[in-house]
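Here are the chains, one letter per residue:
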Amino acid sequence: MSANRSPLFLERATYRRRRMMDGARVLPILGAVLLLLPVLWTRSGGMGTAGEAVYLFGLWFGLILIAALLSRPLRAALGRENPPPNRNGNPDADAPE
Amino acid sequence: MTLNILIPAALGYVVFLFVIASLAERRAETLRLAGRKPRFLRSPLVYTLSLSVYCTAWTFYGAVGYAVRSGLEFITIYLGPTLVFIGWWWFLRKLVRIGKAQRVTSIADLISARYGKSNLVAVIVTLLAVAATTPYIALQLQSISLSFETFSDDHAVAPQQLAMWVAAGLALFTILFGTRNLDANEQHHGVVTAIAVEAVVKLIALLAVGIWVVWGLMDGLPDVMARIAAADRPEWRVQPARWMGLIFLAGVAVVTLPRMFQVMVVENSDERHVSTASWAFPLYLMAMSLFVLPIAVAGMEWLPADTNPDLFVLNLPHSLGHDGLAMLSFLGGFSAATSMVIVASIALATMVSNHIVVPLWLAQRRMFEGAVREAGDMRGLVLTARRLSIVAILALGYLYFAVSGSSRALASIGLIAFVGMAQVLPALVGALYWRGASRMGAATGLATGSLIWLYALFLPSFGPNVVLGADLLTNGPFGLAWLRPHALLGVSGMDPLLHALFWSLLLNAVVFIAVSLVSFPSPVERVQAVQFVNTFDLGHPEEFHGAHGWVREASENDSEDLLAMSQRTLGPVVAQLFFESEARAQGKDGFLPDPTPDFLDRLERELGGSVGAATAHAMISQIVGGRLVTVDDLMAVASETAQIMEHSAQLEAKSEELARTARQLRDANEMLQKLAVQKDSFLSQISHELRTPMTSIRAFSEILMDDEVTSDAQIRYAGIIHDESIRLTRLLDDLLDLSVLENGQVNLDIQAGNLPDLIERALLASNSVLPERQFAEQRSGFDLPIALNTDVGRLTQVFINILTNSRKYCDADTPEMRISVRRKGPQLTVDFIDNGSGIAKKSQALIFEKFSRLTDTHQAGGAGLGLAICREIMHNLGGEIAYVPGQGGAAFRVSFPADLAAQPRTGQPGL
C-alpha cells in the first residue's frame with residue numbers, strides 16, 4: 001500500500017503550507033502566554049488599569065492581524081489537504097439528488 | 001423620551017426583523033427552486049456576524065457593569081473565544097468537519113453520535129443545556145425589562161408583565177422562523193440572516209455610545225486614559241486565578257454553549273468560512289469591548305452613585321439628554337437579548353425534541369403497536385414537539401426570571417451558565433481526539449460534573465433558603481463540613497465560581513477517563529470513534545472500508561418499509577428523491593435501492609440530519625433489525641484489511657522479482673547477440689588469417705611448377721613455402737590451443753617450480769625476439785626462491801608472451817623493464833612494467849580479445865591471439881591477467897595462486 005504512505009520530503013509550496021499550519025497552531029499558545037502577562041505584573045505592583053488596557057488591546061489587535069494573514073493560505077490548504085466532500089455528504093446541496 | 005415612543009420603536013424593530021427573516025427565507029427558497037445556493041445568505045460575513053450571538057445583553061449592558069466592579073476582568077470573556085478562534089486549526093476545524101460529515105443537529109447530537117448513538121448521553125447533555133440556558137434566557141428577559149424601566153421615570157411599569165410579552169413575542173418569532181420546516185440540514189436561513197442584522201445593530205449601537213463618550217463627553221483618547229487612571233481602584237487589580245480561570249472558561253463556553261454550537265457548526269454551510277471567522281470574529285469581539293472601559297468611567301463620573309452600573313450604556317445618553325442615542329442604545333441591547341433568546345431556544349428545542357420527545361414517542365409506539373412501521377406522520381410530530389419545546393423553554397426562562405427577581409448582577413448568571421455547559425468539554429474533546437473514550441465514560445463523567453455544578457454553584461446561586469438551606473450552605477449537609485457547597489473537600493477561601501469550575505471539571509474528567517479506561521465500547525461506538533477521531537485521514541466516511549454501522553444486507557422487503565419511514569420523517573418528495581438517486585447509483589430503476597450497508601449508512605445520516613443520530617439509528621434498526629455491526633464484524637474487517645495489506649505486499653515483492661528476472665533475460669539476450677556477432681567476426685578473421693599464408697603458398701608452388709625456375713630460386717621459394725606453412729601451422733596450433741583452453745578441456749601439467757627461475761627462463765626466451773634491443777631490467781621481490789606448484793610450462797608461456805610483446809612494442813629510446821613480485825597470502829602477483837607509451841585507454845578493453853592487434857599485422861608477426869591465450873591460461877590456472885593503467889608504460893599484472901592444487905577450481909576438469 002505504498003500509495004498511502006505520505007512523502008518524506010515536500011516541494012517548496014507544500015512545505016510552506018505545512019509551516020503555515022504550524023504557525024496557526026502555535027499562535028493561540030503564544031497568545032495565551034502573552035495574555036497571562038498582566039497576572040505577572042500584578043505581583044510587581046501592576047502598571048495600572050489604563051496601561052494594561054493599552055497592552056491588552058494592542059496584543060489583541062496583533063493576534064487578530066496575524067490570524068487574518070494566516071487565514072487565506074490556510075483556507076486554500078483546507079481544500080487541498082482533504083479530499084472534497086462526496087456526492088451525498090454535501091450539506092450545501094439544496095435539494096437531495 | 002417615554003414608553004410611548006419606546007414601545008412602538010421596539011415593536012417596529014421586531015417587525016423589521018420579521019421582514020428581514022421572511023425576505024431571507026423567500027430568497028433562499030427562490031434560489032433553491034432555481035437550483036442555486038443562497039450565496040450571500042451563506043457568506044463568510046453572515047457566518048461571522050451570526051457568531052456574534054455570543055455577545056448577548058450580558059455583553060451589551062453587563063460588560064460595563066462588570067468593568068465598574070472588577071476593572072479589566074470583563075475582557076477575559078472575550079479573550080478566551082479569541083484564543084479558540086485564532087487557534088481554529090487545532091479544534092474548530094475538526095469540530096466543524098465532523099459536524100458536517102455526521103450532519104449533527106446539536107451539541108447533544110454530536111456527543112451522542114460519537115458515543116454509539118446513545119440516547120442516554122444525549123439526554124444528559126440536553127438536561128444540562130436546559131438547566132444552564134434557562135437562567136441565561138431569564139437574564140435576557142431581565143435586561144429587556146430593566147432597559148424599559150430606565151425610560152419609565154414617570155410611569156410605573158410592571159417588569160414581569162413586560163417580560164412576559166417579550167417572551168411571548170420571541171416565542172412566536174422563533175416558532176415562525178425556527179420551525180418553519182424540518183430541514184434535512186437543520187439550517188435556518190431566515191433566522192441566521194436576522195441574527196446577522198442584529199449583530200450589526202448592536203455593534204453600531206455600542207460603538208455609537210462609545211464614540212460619543214470618548215469624543216463627546218471626554219476630550220479624546222489621552223483624556224480617556226487619564227480618567228481611567230484617575231478612576232483606578234484597588235479592586236480593579238487583576239486577580240491571577242480569576243484571570244486565568246475565566247479566559248479558560250470563556251474559551252470552553254464559546255464551543256459548548258448550545259447557541260454557539262448551533263450557529264458555528266449546525267448552521268455552517270462551508271467549513272472554509274471558519275477561516276474567515278478565525279480573525280473576523282475576534283475582531284468583532286474586540287470592537288464590542290473597545291469602549292467598555294471609557295463608558296464605565298464616564299458612568300462613574302457623570303451618573304449618580306446609586307445608578308445600576310449594568311445600565312450605564314443606556315443611562316448615560318438618556319440622563320444627559322441624548323434621546324436619539326439612548327434609543328439606539330436601547331435597540332442595541334434589545335437586539336442582543338432577542339438574538340440570544342431566539343438561537344438558544346431553537347438549539348434547545350432541537351435537543352429536547354430529538355432526544356427526549358421523539359424517543360419517548362417511539363418507545364410508546366413500540367409498546368402499543370410493536371413497531372414503527374405503522375406510525376403516523378413523524379414530521380408533524382417532530383415539528384409540534386419543537387414548537388412546544390420552544391414555548392416551554394421560554395416559559396421556563398420567564399418563570400426563572402419571575403421567581404428569582406432582578407436582584408443579581410448580570411455577569412454572575414452568565415458565568416454560572418458557562419460553567420454548566422463547560423461540563424461537556426471532557427466528553428467533547430474525548431470524542432474528537434481519543435478513540436478510547438467510551439459511552440459509559442462520557443455518561444458518568446457528564447453526570448458527575450453536572451451534579452457538582454448543580455450542588456456547588458447553580459443551586460447556591462439562588463441564595464440561602466431558596467433551594468438549599470442556609471444551614472447547609474454554612475455547615476454542609478448533615479453537618480459534614482467537607483461537603484459544604486463552596487468548600488468541597490475542605491478547599492475554602494476560593495472564589496466560588498473557580499471552586500465549582502475546578503472541582504466539577506476535574507472530577508468530570510477523572511471519572512470520564514477512568515470509566516473509559518475500564519469499560520469496553522460497543523461495536524457501533526468503535527465505528528463512530530474511528531469516524532470522529534480519524535476524520536481527516538478518512539477523507540470521507542463512506543470511502544473508508546469497514547467503518548459502517550451496518551454490515552449485512554437487509555432483506556429486499558425492508559426497503560419498502562424504509563421508504564415509508566423516511567417519507568414520514570423527511571417528507572415524501574425529499575425521501576423519494578433520495579431513494580431514487582440511491583437506486584440509480586446502484587444501477588437500479590425505481591424507488592427501492594438494495595438495502596446495502598452503504599445505503600443504510602447514508603440513509604441514517606440523512607435522517608439524522610433532521611431527528612438526530614440516536615433517533616435515526618433507533619428507527620432504522622427497528623426495521624432492519626439485527627443487521628447492526630458486531631464485534632466479530634469489526635474483527636473480520638480488521639483481518640480483511642490485514643490480509644489485503646499482506647496480499648499487496650506479496651504482490652509487490654513478486655512484481656519486483658519479475659522485473660529482476662526480466663532484466664536478467666534482457667541481459668542474457670544481449671549477451672547472446674553479442675556472441676553471435678563475435679562468432680561471425682571470428683570466422684571472418686580466421687578466414688582472413690588463413691588466406692594470407694595460403695595465397696603465398698599457392699603462388700610460389702605455381703611458380704615452382706613452372707620449368708624455368710632456377711634451382712636457386714627453387715630453394716628460396718620452397719623455403720618461403722615452408723615458412724608460410726609453419727606460420728599456418730602455428731596459427732592453427734594457437735587456435736586449437738585457444739579452443740582447448742576456452743572449453744576448459746586443457747590438461748594441466750602441474751609440477752613444483754620456482755618463480756624466479758621461471759622469470760629468468762622467460763627473459764632468456766624472449767631475448768631471441770629483436771635481440772638487438774637492449775632492455776634495462778629492474779627486479780624486485782624475487783631474490784629468494786618462491787615455491788610454486790602449478791603448470792609451470794603454461795605460466796612461463798604467459799611470461800614469455802608479455803615480455804615478447806614488450807620487446808616488440810615498447811617505443812622508448814632506452815627501453816626498460818621492471819618486474820616485481822608480491823605475495824599476498826596464497827596469491828602471487830607479478831607485474832611487468834615497461835617505460836613505453838603504454839596502451840591507449842580505449843584500447844585497453846580490447847587487448848585481451850582474439851585477433852585484436854593494435855598495430856599493423858605484419859609488424860606484429862602474429863595473429864593477435866597471444867594475449868587471448870594468456871588470459872585463458874591464467875583462467876585455467878585459477879588466476880588472471882590484467883592491464884594496469886597509470887604505471888608510466890604498459891603494465892601487465894599476472895596474479896595466480898602459488899599452489900594450484902590447494903586451490904579449489906570449480907567446473908574445471910583437467911586433473
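Since we're looking at a predicted model, the values are computed, not measured.

Definitions and limits used
Residues numbered from 1 in each chain as written. Chains lettered and ligands numbered in written order. Predicted model: local features only at pLDDT ≥ 70, side-chain atom pairs only at ≥ 80, totals over all residues. Heavy atoms only, no water. Helix = DSSP H or I, 4+ residues; strand = E, 2+ residues; numbered from the N terminus. Buried < 20%, exposed > 50% of the residue type's maximum accessible area, 1.4 Å probe, protein only. Contact = heavy atoms within 4.5 Å. Areas by Shrake-Rupley, 256 points an atom, 1.4 Å probe, with all protein chains shown as cover. Expected span 1.5 Å × (residues − 1). Arc of directions from axis to C-beta. Polar contact = N/O pair within 3.5 Å; in protein donor to acceptor, adjacent residues only side chain to side chain. pLDDT = per-residue confidence, 0-100. Pairing = 2+ DSSP bridges. Axes fitted to C-alpha atoms, helices over the stretch in contact; angles between N-to-C directions. Phe/Tyr/Trp six-rings, centres within 6.5 Å; stacked < 30°, edge-to-face > 60°. Lys NZ or Arg CZ within 6 Å of the ring centre and 35° of its normal.

K.L.:
Describe the overall build of chain B, and please don't skip the residues or the numbers.
P.N.:
Looking only at helices and strands, chain B features 35 helices and seven strands. Going through the 911 residues of chain B one by one, you find that 55% of them count as buried. In chain B, the share of contacts with a sequence separation of at least 24, taken over all contacts with a separation of at least 6, comes to 80%. For chain B, the accessible area works out to roughly 38300 Å², and carbon and sulfur atoms hold 61% of it.

K.L.:
Explain helix 10 (residues 220-231) of chain B to me, and be specific about the residues and the numbers.
P.N.:
Residue and element names in this part refer to chain B. Its 12 residues give helix 10 an end-to-end C-alpha distance of 16 Å, which sits within 8% of 16 Å, the value for a rise of 1.5 Å per residue. Those residues of helix 10 that sit buried are Gly220, Asp223, Val224, Ile228 and Ala231. The buried side chains of helix 10 occupy one side of the element, clustering within an arc of 135 degrees when seen end-on. Facing away from the buried surface of helix 10 by more than 90 degrees, the exposed residues are Pro222 and Ala230.

K.L.:
So what about the side chain of Arg259 of chain B? Which residues, and what values?
P.N.:
Residues and elements named next belong to chain B. Along the polypeptide, Arg259 turns up in helix 12 (residues 258-266). Reaching out from Arg259, the side chain makes a polar contact with the side chain of Tyr136 at a distance of 3.4 Å. When near neighbours in sequence (up to four residues on either side) are disregarded, Arg259 contacts Val53, Tyr54, Thr56, Tyr136, Met340, Val343, Ala344 and Ala347.

K.L.:
With reference to specific residues and values, describe the confidence of the model for chain A.
P.N.:
Residue and element names in this part refer to chain A. With 66% of its residues at a pLDDT of at least 70, chain A reaches an overall mean of 73. Per-element averaging of pLDDT across chain A places helix 2 (residues 37-43) at the bottom with 76 and helix 1 (residues 12-35) at the top with 87. Taken as a whole, residues 82-97 scores under 50 in pLDDT and shows 35 contacts with residues more than four places along the chain or in a different chain.

K.L.:
I'd love a proper account of the sheet that holds strand 7 (residues 891-897) of chain B, names of residues and values included.
P.N.:
Sheets are built from strands paired through backbone hydrogen bonds, the pairs being either parallel or antiparallel. Residues and elements named next belong to chain B. Strand order in this open sheet of five strands is 2-4-5-7-6, and the pairing throughout is mixed. For this open sheet the edge positions go to strand 2 (776-780) and strand 6 (880-883), each flanked by a neighbour on one side alone. Averaged over neighbouring strand pairs, the angle between their axes works out to 15 degrees when direction is ignored. In terms of strand pairing, strand 5 (residues 827-834) meets strand 7 through seven bridges, oriented antiparallel. By the bridge assignment, Val830 is partnered in strand 7 with Val894.

K.L.:
For the packing of aromatic side chains, give the residues involved together with the corresponding values.
P.N.:
Residue and element names in this part refer to chain B. Applying the stated rule across the entire model yields 25 aromatic pairs over all chains. Measuring from ring centre to ring centre gives 5.0 Å for Phe700 and Tyr717, while their planes differ by 40 degrees; the resulting arrangement is tilted. Here Phe700, found in helix 29 (residues 631-705), pairs with Tyr717, found in helix 30 (residues 711-743); they are 17 residues apart in sequence, far enough to count as distant. When sorted by exposure, Phe700 lands in the same class as Tyr717, which is buried. Feature note: the residues Tyr54, Trp58, Phe85, Tyr136, Phe281 and Phe418 constitute an aromatic cluster, connected by ring pairs. Here the basic side chain of Arg93 rests over the ring of Trp89, its NZ or CZ set 3.9 Å away from the ring centre. Geometry around Phe536 places Arg93 over its ring, the cationic atom sitting 4.3 Å from the centre.

K.L.:
Which residues make up the environment of Ala882 of chain B, and what are the values?
P.N.:
All names here are of chain B. In this fold, Ala882 is placed in strand 6. Taking the relative accessible area as the measure of exposure, Ala882 reaches 29% and is therefore partly exposed. Distance from Ala882 to Gly445, taken between C-alpha atoms, is 83 Å for residues 437 residues apart in sequence. Discounting residues that sit within four places of it in the chain, Ala882 has contacts with Phe848, Ala891, Phe892 and Arg893.

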